[in-house]
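One-letter residues, chain by chain:
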Amino acid sequence: MTDSVDAQDGSYAAARLRLLTEEAVSGPPRRAALAGLTDRWLASLAGAAADSAGADSGGWALLAVGGYGRGELSPRSDLDLVLLHDGAGPVAALADRIWYPVWDQGLALDHSVRTPAEAQKTAGEDLKVQLGLLDARHVAGDAAMTSALRSAVLADWRNQAPTRLPALHEMCQDRAERQGELSYLLEPDLKEARGGLRDATALRAVAASWLADAPREGLEQARTGLLDARDALHLVTGRATDRLALQEQDQVATALGVLDADTLLRQVYESARRIAYASDVTWREVARVLRARRNRPRRRGLLGLGRTPLPQSAPERVPLAEGVVEQEGEAVLALTARPERDAVLPLRAAAAAAQAGLPLSLHAVRRLAAAAAPLPVPWPPEARECLLALLGSGEATVPVWEALEAEGLVTRLLPDWERVRCRPQRNAVHRFTVDRHLVETAVQAASLTRRVGRPDLLLTAALLHDIGKGWPGDHSEAGEVIVRDVAARIGFGRADTDTLAVLVRHHLLLIDTATRRDLDDPETIRTVAAAVRDTATLELLAALTEADALATGPAAWSTWRASLLADLVDRVAGALDTGELPDSTDRDPTAEEERLAVEAARTRGPVLALHARTEPDAEGAEPAPALGVELLLAVPDRPGLVAQAAGVLALHRLTVRAADLTSFDPIGEGQVALLGWQVSAEYGALPETARLRADLARAFDGTLDIEARLAEREAAYPRRRGITAPPPRVTVAPGHTSHTATVLEVRAHDAPGLLHRIGLALAATGVTVRSARISTLGADAVDAFYVVGKDGGALPAARAAEVARQVEAALR
């Protein structure tokens, strides 16, 4: 390659052709060499044109802007040029002698001719022009004129940043809505789609404003990856295209030296995700800085001349969970958090952020990725509950999951995830890659959790139903094997693992049968019933089928398909034995429960015992801080007992994870209620036993106004609205569930004081809670209350339905 190129067009064309066909040069070196070659050619053209036109060498300058200005000249890129002039010379003749040779070469040209004042004014009026000039680079002519314009444009950009950056953000959002997400498209636009080269350029502009900067780690490599793919696309097609069409992907993959088209797409998707995530983080930081500027209090300076900022107080930090707080619209780690000793903290922070509808801060994610202790296998129960709370957060799950994904935390938690990460689905019905489809299925399943008795199994199956697509063979069969391993890893028992395996193995069974088989054929129903086994699994599989279809795309779900599925489910349910809950809730008390009950009967007051639950740390060196307590409470039975006891626990910021309520007469002097609670602190230390017992006694004798105390606490520490959860659902279990009581099943989003509110609602209907089974699965409460009427027996059907309606209305 020669070091200089004269004004002869043939010399430039030959040198350009050699550069583009030289296999030894590619990527950034080729783009830089092509830009340098073009610079020399244009400088030669401009010099000759100035001599011919008699232009003053100090009165004009030729600038490269946009991608050419950045030195990122792809084989078929436009040449973005600005000819500056001082208005005194023969600028029209000068321009013609530069533009026409470019056109004669068949090169696309985006050009303008302006004075520096006109260029600066146009940039102030047109955001796209201003963005192009931010990358202006001198090519020929008066270098001082170029330098002066660059300085003026940069100064204007920084001064106008409070108005220009929101406009740029809106432009990026509009483009994303039109072009879609690059990392999920089968034929992505490498430049215009979200996560593409336009977004990378926008991040450079944000950095130039000095207001915020993008997270740099991996960003340049991601941008380079997209530019390399575009170069190969230009060479393969011979066109200036940015859309990676299906028919060209194999050739582009070959040109880049990668295995196949799928490998190419995975690399492109990974680059796009890095840019998209960096964009999300950066725009949040821009919003935070601008918000702080608007809200900054100011005072008059000395003698009233000017204003000076008042001293700023530290940002408010509102607790979200143990080790996690909200600060300036993000979930961040508490000052006392110790990731190296708290293996559950990554999942707890993610769950708290998603449940509050907040992004997880970049600093928090990176600290967790760098320092968090590995989870033991199987996971402790808290880790599994946090994963479920994260998955059950609906749309808020996605940005938090993407934050974990960006720093490698998802693959660290679930190693099998690596095989489906960024994996394309060459099916026009699918909107997303395999991994995002799995997350989206969990998002859809979160809205269906009220339909099933085991929302934890539904959410887990949603996340893992296509996990086998990373392996050879039938993905349902491979997925069944994988899900057994994953379920055991995250701490599910054998029975639940078997159910998850059935759900993953048969996640296509219902929709395929409903749309392709004769439902009037008894053998069809028998086949499905044999595979599903019981109605509990059937309801889970039906909900998973709907969530999977909704996550796939509009073509996968319709009113017609929904009706066929419902018909099949009804027929299969009729063919299955429907007994699910035990016929009786009676059981013998333990020795400790009997001792507490006897004492409560004699003292006529509450008696309790607490047992701390701990987990060894990741290295097993010493016990970790207490995760919660098992609380046994014995108290003479009375109306409203559940509401009163639950209200006191809520006052002490204790979250009920599970509960068991029974009653018996230990000494023949009246019924004593036994409440076995599994509780954990929302955050901070567990309450003192003496204070808890005193407040329970006051609640039961009527001297503690629980409602007023709860209202005061909420007023002092207002909770953010958080995610929009599905509405609560209260149903009456089938009559065979219990012969001596009516069973009300309550499914709702778990929240502080929920059990207290349920107890109040039940008390308001006049029924008596004979026993209860309370469980919290992730962010969902699934509770069963055995209630009786004034006669001590089960409620009539109409009365039971009315009680269920009243309780549901109260909870809504």
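Conventions we followed
- Residues numbered from 1 in each chain as written.
- Predicted model: local features only at pLDDT ≥ 70, side-chain atom pairs only at ≥ 80, totals over all residues.
- Heavy atoms only, no water.
- Helix = DSSP H or I, 4+ residues; strand = E, 2+ residues; numbered from the N terminus.
- Buried < 20%, exposed > 50% of the residue type's maximum accessible area, 1.4 Å probe, protein only.
- Contact = heavy atoms within 4.5 Å.
- Core = buried A, V, L, I, M, F, W, Y, C linked by side-chain atoms within 4.5 Å.
- 1 Å grid on protein atoms, 1.4 Å probe; cavity = no way out; pocket = protein on both sides within 12 Å on 5 of 7 lines; lining within 4 Å.
- Points joined across faces, edges and corners; volume = space filled by probe spheres on them.
- Nonpolar A, V, L, I, M, F, W, Y, C, P; charged D, E, K, R; others polar.
- Axes fitted to C-alpha atoms, helices over the stretch in contact; angles between N-to-C directions.
- Parallel < 35°, antiparallel > 145°, perpendicular 65-115°, else oblique.
- Left-handed = near helix turned anticlockwise from the far one by under 90°.
- Phe/Tyr/Trp six-rings, centres within 6.5 Å; stacked < 30°, edge-to-face > 60°.
- Pairing = 2+ DSSP bridges.
- Salt bridge = Lys/Arg side-chain N within 4 Å of Asp/Glu carboxyl O.
- Polar contact = N/O pair within 3.5 Å; in protein donor to acceptor, adjacent residues only side chain to side chain.
- pLDDT = per-residue confidence, 0-100.

Student: What's the story with the overall build of the protein in this structure? I'm lost.
Tutor: What the protein contains, in helices and strands, is 31 helices and 17 strands. With respect to the principal axes defined by its C-alpha atoms, the protein has extents near 115 × 85 × 50 Å. Across the 812 residues that make up the protein, the buried fraction comes to 53%. Taking all contacts inside the protein whose residues are at least 6 apart in sequence as the whole, residues at least 24 apart take part in 70%.

Student: Explain the nonpolar core here, please?
Tutor: If you look at soluble globular proteins, the nonpolar side chains tend to sit buried side by side. Trp379, Trp401, Leu414, Trp417 and Leu510 are the most contacted members of the largest nonpolar core, which has 99 residues in total. If sequence neighbours within four positions are ignored, Trp379 has contacts with Leu347, Arg384, Leu387, Leu413, Leu414, Arg489, Ile490 and Gly491.

Student: I would appreciate a short explanation of the layout of surface pockets in the present structure.
Tutor: To find leftover empty space, one rolls a probe the size of a water molecule over the atoms. Here the second largest pocket defines a volume of roughly 1100 Å³. As for the second largest pocket, its lining consists of 42 residues, of which Gly66, Asp80, Asp110, Lys191 and Arg198 are closest to the centre. Sorting the residues of the lining of the second largest pocket by element identifies helix H3 (66-69), strand E2 (79-85), strand E3 (109-114), helix H6 (127-134), helix H8 (161-179), helix H9 (197-208) and helix H10 (219-237) as the ones contributing at least two each. Class assignment of the residues belonging to the lining of the second largest pocket gives a composition of 15 nonpolar, eight polar and 19 charged.

Student: I tried to follow the packing of helix H2 (residues 27-53) against H10 on my own but got confused; where do I start?
Tutor: Each packed pair of helices is defined by two parameters, the angle between the axes and the distance between the axes. The interhelical angle for the contact between H2 and H10, taken along N-to-C directions, is 65°, at an axis separation of 9 Å. It follows that H2 is roughly perpendicular to H10 by the angle criterion. In the crossing of H2 with H10, the sense of the turn from one axis to the other is left-handed. Contacts between H2 and H10 involve Gly27, Pro28, Arg30 and Arg31 on the former and, on the latter, Thr224, Leu227, Asp228, Asp231 and Leu235. Of the residues contributing to the contact of H2 with H10, the split by class is three nonpolar, two polar and four charged.

Student: Please clarify how the packing of aromatic side chains should be interpreted in this entry.
Tutor: For any pair of aromatic rings, geometry is given as the distance between the ring centres together with the angle between the planes. The full count for this structure, using the stated rule, is four aromatic pairs. Between Tyr12 and Trp41, the aromatic rings sit 4.1 Å apart at their centres with planes inclined by 5°, giving stacked as the arrangement. Remark: Trp41 occurs in helix H2 and Tyr12 occurs in helix H1 (residues 9-21); sequence separation between them is 29 residues. Neither residue differs from the other here; Tyr12 and Trp41 are each classed as buried. Ring plane angle 90° and centroid distance 5.3 Å describe the contact between Tyr184 and Phe432, whose orientation is recorded as edge-to-face. Placement of Tyr184 in the loop between H8 and H9 and of Phe432 in the loop between helix H17 (409-413) and helix H18 (434-446) is noted, with a sequence separation of 248 residues between them.

Student: How should I be thinking about the sheet that holds strand E8 (residues 324-327) in this particular structure?
Tutor: Within a beta sheet, neighbouring strands are joined by backbone hydrogen bonds and run either parallel or antiparallel to one another. Pairing is antiparallel in the open sheet, where three strands are placed in the order E7-E8-E9. Lying at the two open borders of the sheet, with one neighbouring strand each, are strand E7 (318-321) and strand E9 (330-333). For this sheet, the mean inter-axis angle between neighbouring strands, taken without regard to orientation, is 45°. Here E7 runs beside E8; their pairing, made up of three bridges, is antiparallel. Among the inter-strand pairings, Val318 is bridged to a residue of E8, identified as Glu326.

Student: What is the right way to look at unusual backbone geometry in this model?
Tutor: The bulk of non-glycine residues show a negative phi, and the bulk of peptide bonds are trans. Residues Val377 and Pro378 are joined by a peptide bond in cis, for which omega reads 0°. You can see Pro378 is positioned in the loop between helix H14 (362-371) and helix H15 (381-391). One non-glycine residue with positive phi stands out, namely Glu328, at about 50°. Positionally, Glu328 belongs in the loop between E8 and E9. With a phi close to 55°, Arg653 is a non-glycine residue in the positive phi region. By relative accessible area, Arg653 is classed as buried at 17%.

Student: When you look at the pattern of salt bridges in this model, what are you seeing that I'm missing?
Tutor: Two side chains carrying opposite charge are able to pair once their charged atoms lie near each other. Summed over all chains, the structure comprises 47 salt bridges. Of the charged contacts in the structure, one is a salt bridge between Glu192 and Arg198, with a shortest N-O distance of 3.0 Å. Taking relative accessible area as the criterion, Glu192 reaches 19% and is therefore assigned buried. Relative accessible area serves as the criterion here: at 38%, Arg198 is assigned to the partly exposed category. A single salt-bridge network, built from bridges that share partners, covers Arg70, Glu72, Asp135, Arg204, Glu220 and Arg223.

Student: What's the story with the environment of Glu125 in this structure? I'm lost.
Tutor: Its place among the elements puts Glu125 in helix H5 (residues 116-125). Among the polar contacts listed, one links the side chain of Glu125 to the side chain of Lys121, at a separation of 2.6 Å.

Student: How do you make sense of the environment of Gly676 when you look at a structure like this?
Tutor: As for its position among the elements, Gly676 is in strand E13 (residues 672-681). Considering only alpha carbons, one finds Gly676 and Glu220, 456 residues apart in sequence, at a separation of 56 Å. Not counting chain neighbours up to four residues away, the residues in contact with Gly676 comprise Leu631, Leu632, Ala658, Ala659 and Asp660.

Student: Sorry, what's going on with the pairing of strand E17 (residues 780-788) here?
Tutor: Consecutive residues of a regular strand have side chains that alternate between opposite faces of the sheet. With nine of nine residues buried, E17 lies mostly within the body of the structure. Taking every second residue as pointing to the same face, both faces of E17 are buried, with Asp780, Val782, Ala784, Tyr786 and Val788 on one and Ala781, Asp783, Phe785 and Val787 on the other. With eight bridges joining them, strand E15 (residues 742-749) and E17 adopt antiparallel strand pairing. By the bridge assignment, Ala748 is partnered in E17 with Ala781. The pairing of strand E16 (residues 768-777) with E17 spans nine bridges and is antiparallel. Its bridge partner lying in E17, Leu777 is registered against Asp780. Between the end of E16 and the start of E17, which pair antiparallel, lie two residues, with Gly778 showing a positive phi angle near 65°.

Student: How should the confidence of the model for the protein be read in this particular structure?
Tutor: The predicted coordinates of low-pLDDT regions are not to be read in fine detail. Here the protein averages 88 in pLDDT, and 91% of its residues register 70 or above. By mean pLDDT, strand E5 (residues 298-300) is the weakest element of the protein at 54, and helix H19 (residues 455-464) is the strongest at 98. This stretch, residues 1-7, has a pLDDT under 50; its non-local contacts, to residues over four places away or in other chains, come to 17 contacts. Across residues 578-585, where pLDDT falls below 50, the model places 22 contacts with residues more than four positions away in sequence or in other chains.

Student: I'm lost on the side chain of His652 in this one. Help?
Tutor: By the secondary structure assignment, His652 is in the loop between helix H27 (641-651) and strand E12 (654-664). With near-sequence residues (within four places) excluded, His652 lies in contact with Pro687, Arg691, Leu692 and Asp695.

Student: How should I be thinking about empty space enclosed by the protein in this particular structure?
Tutor: Going through the model one piece at a time under the given rule, you end up with three cavities of 30 Å³ or more. By volume, the largest cavity is sized at about 60 Å³. Looking at the largest cavity, the residues that line it are Val642, Ala659, Asp660, Leu661, Leu675, Trp677, Leu755, Ala772 and Ile774. Counting only elements with at least two residues in the lining of the largest cavity, the list comes to E12, E13 and E16. Estimates place the volume of the second largest cavity at around 50 Å³. In terms of lining, the second largest cavity is formed by Leu347, Trp379, Leu387, Leu390, Trp401, Leu404, Val410, Leu413 and Leu414. Put simply, the parts of the chain that give the lining of the second largest cavity at least two residues each are H15, helix H16 (397-406) and H17. Broken down by class, the residue content of the lining of the second largest cavity amounts to nine nonpolar, no polar and no charged.

Student: I tried to follow the sheet that holds E2 on my own but got confused; where do I start?
Tutor: Strand order across the open sheet formed by four strands is E3-E2-E1-E4, with mixed pairing between neighbours. Of all the strands in the sheet, just E3 and strand E4 (137-141) have a single pairing partner and so form its edges. On average, each strand axis in the sheet is tilted by 25° relative to the strand beside it, whichever way the strands run. Relative to E4, strand E1 (residues 60-64) runs antiparallel, the two being bridged by four bridges. Directly across from Leu62, in E4, lies its bridge partner Ala140. Lying over the sheet, H5 contacts E2 and E3, oriented at roughly 120° with respect to E3. Packed onto the sheet, helix H7 (residues 143-159) meets E1, E2 and E4 and runs at close to 55° relative to E1.

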